Amino acid sequence: MNQQTMVAAVQEAPERLVIKEVPVPEIDADEVLIRVKYTGICGTDWSIYTGLYSADRLPLIPGHEFSGVIAQTGKNARGLKEGDRVTADINMSCGHCFYCKRGQKLMCPEFTQLGIHTNGTYAEYAKAPAELVHVLPENIDFMTGAFIEPVSCVIHSAKALDVKLGSSVAIIGSGLGILHAAVSVHKGAAPVIVIGRNKKRLEAARQMGADVTIDVDEIDDPVSAVKQYTGSRGADYVIEAVGKPSTYAQALEMVRPGGTMAAFGITGLDDKIEIRPFDIVLSEKAIVGSCAGVGQDWDDAIAMLQYGRIQPQILFSKVVPVRRLEPALLELRKNRDFTKVFVSPDSIEEQTL
Ligand SMILES: [Zn+2]
Ligand SMILES: [Zn+2]
């Protein structure tokens, strides 16, 4: 493989995403080489494109929500073989620090993510540590396989939030918020309320099990709208899945006294909201953060998809070739009707799903 080259999308500088021939990655004994099938475009890719993330890691091949086929295995890659259909947990850490020893690898000072800090999958080939590779069950197709990463993130957050049977859940955001709705239904939440502003996405949220959808363009105040469905108290649990200071402030107001808010949406680095400590103390509101799906969250995401508990296919919008990544990134910012767009090195023409 050593002298071979492949086509990749390389982020050379902020807003400079170049399609070029680069060497196929070389693997060591603990890694596998994967022929990429699909990569889902994620908001994080946009943040890398604009320079908000990873500006110190460029040039970089982004792409982290992926599936593919093992093309080559390192000699320590036990239980894996050429031809296996796979995806991989993207979270890498040192394995021996204070946090790693406690199973909190996301907090590791040496924490990195494939496709965010190291070369990813907008290419024909990518490499991954063998220990992070998951073989896809037969009935999970490659496109769904590329969607395991976002499902694992939602599952990680859902475990932190720990919704109780019969509790109300309000979700702000109709991107991954739609998946939060599906998972909340499985946790036994009632009602599940999704707040968004795109008709198609809110319809998808209802199809995925949301009881109530609220279009922010049709109401004055999302907080009072949620109170209408929750005995004027506010929701037992609120999930912020937008990532703006204004929606974080709403989320804290929307959760009832004694309730819990999940911080899921990623804001800008310097964004701030005002909190009155008085309110947190007297109303005993709790906030739980969650950074990414990691470890067992991946097995759990695979099980939920394998047995059809989550059927995300209605969120899949189209497939584009690697060379169309940049226009697809730009289009996703403008057209909110698109939810998940996949990039494929095998694709020649755009294909609407
Ligand atoms: Zn992602
Ligand atoms: Zn560590």
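For the structure, check the block above.
It should be emphasised that the depicted structure is a prediction, and the values quoted were computed from it without experimental measurement. (Residues numbered from 1 in each chain as written. Chains lettered and ligands numbered in written order. Predicted model: local features only at pLDDT ≥ 70, side-chain atom pairs only at ≥ 80, totals over all residues. Heavy atoms only, no water.)

Draft legend 1. Examining the coordination of the zinc ion (ligand 2) more closely. Protein coordination at the zinc ion (ligand 2) comes from C94 (SG), C97 (SG), C100 (SG) and C108 (SG), with a distance range of 2.3 to 2.4 Å. Classification of the site at the zinc ion (ligand 2) rests on its four donor atoms, whose angles at the metal span 105 to 114°, yielding the label tetrahedral. (Donors = N, O, S within 2.8 Å, 3.2 Å for Na, K, Ca; no water. Tetrahedral: all angles 85-135°; square planar, octahedral: opposite > 155°, others 65-115°.)

Draft legend 2. Region of interest: the environment of I178. Within the fold, I178 resides in helix α5 (residues 177-186). Between the C-alpha atom of I178 and that of E65, which follows or precedes it by 113 residues, the distance is 17 Å. Apart from the residues within four sequence positions on either side, I178 is in contact with G173, R201, A204, A205, M208 and L315. (Helix = DSSP H or I, 4+ residues; strand = E, 2+ residues; numbered from the N terminus. Contact = heavy atoms within 4.5 Å.)

Draft legend 3. Up close: the sheet that holds strand β15 (residues 286-289). Pairing is parallel in the open sheet, where six strands are placed in the order β12-β11-β10-β13-β14-β15. Taken across any chain shown, the strands that pair with only one partner, and hence form the sheet edges, are β12 (212-215) and β15. The mean inter-strand angle of the sheet, taken between neighbouring strand axes irrespective of direction, is 20°. Pairing analysis gives four bridges linking strand β10 (residues 169-172) to strand β11 (residues 192-196), with the strands arranged parallel. Within β11, the position partnered with A170 by the bridge is I193. Of the strands in this sheet, β13 (235-240), β14 (255-263) and β15 are in contact with helix α4 (residues 148-161), which crosses β14 at around 150°. Against the sheet, α5 touches β10, β11 and β13, its axis set at about 165° to β10. (Pairing = 2+ DSSP bridges. Axes fitted to C-alpha atoms, helices over the stretch in contact; angles between N-to-C directions.)

Draft legend 4. Spatial organisation of helix α1 (residues 43-50). Counted residue by residue, α1 has six buried out of eight residues, so it is predominantly covered. When α1 is considered as a whole, its buried residues turn out to be T44, D45, W46, S47, I48 and Y49. Residues of α1 that are buried sit in contact with β1 (5-13), β2 (16-23), β3 (31-40) and α11 (325-334). Within two residues after α1, G51 carries a phi angle of roughly 100°, on the positive side. (Buried < 20%, exposed > 50% of the residue type's maximum accessible area, 1.4 Å probe, protein only.)

Draft legend 5. Molecular detail of the pattern of salt bridges. Inspection of every chain in the model, using the stated rule, returns 20 salt bridges. A salt bridge links D346 to R35, with the shortest nitrogen-to-oxygen separation between them at 2.8 Å. Taken as a pair, D346 in the loop between β17 (340-344) and β18 (351-352) and R35 in strand β3 lie far apart in primary sequence, 311 residues in all. Taken together, the shared-partner salt bridges connect K318, R324, E331 and E350 into one network. (Salt bridge = Lys/Arg side-chain N within 4 Å of Asp/Glu carboxyl O.)

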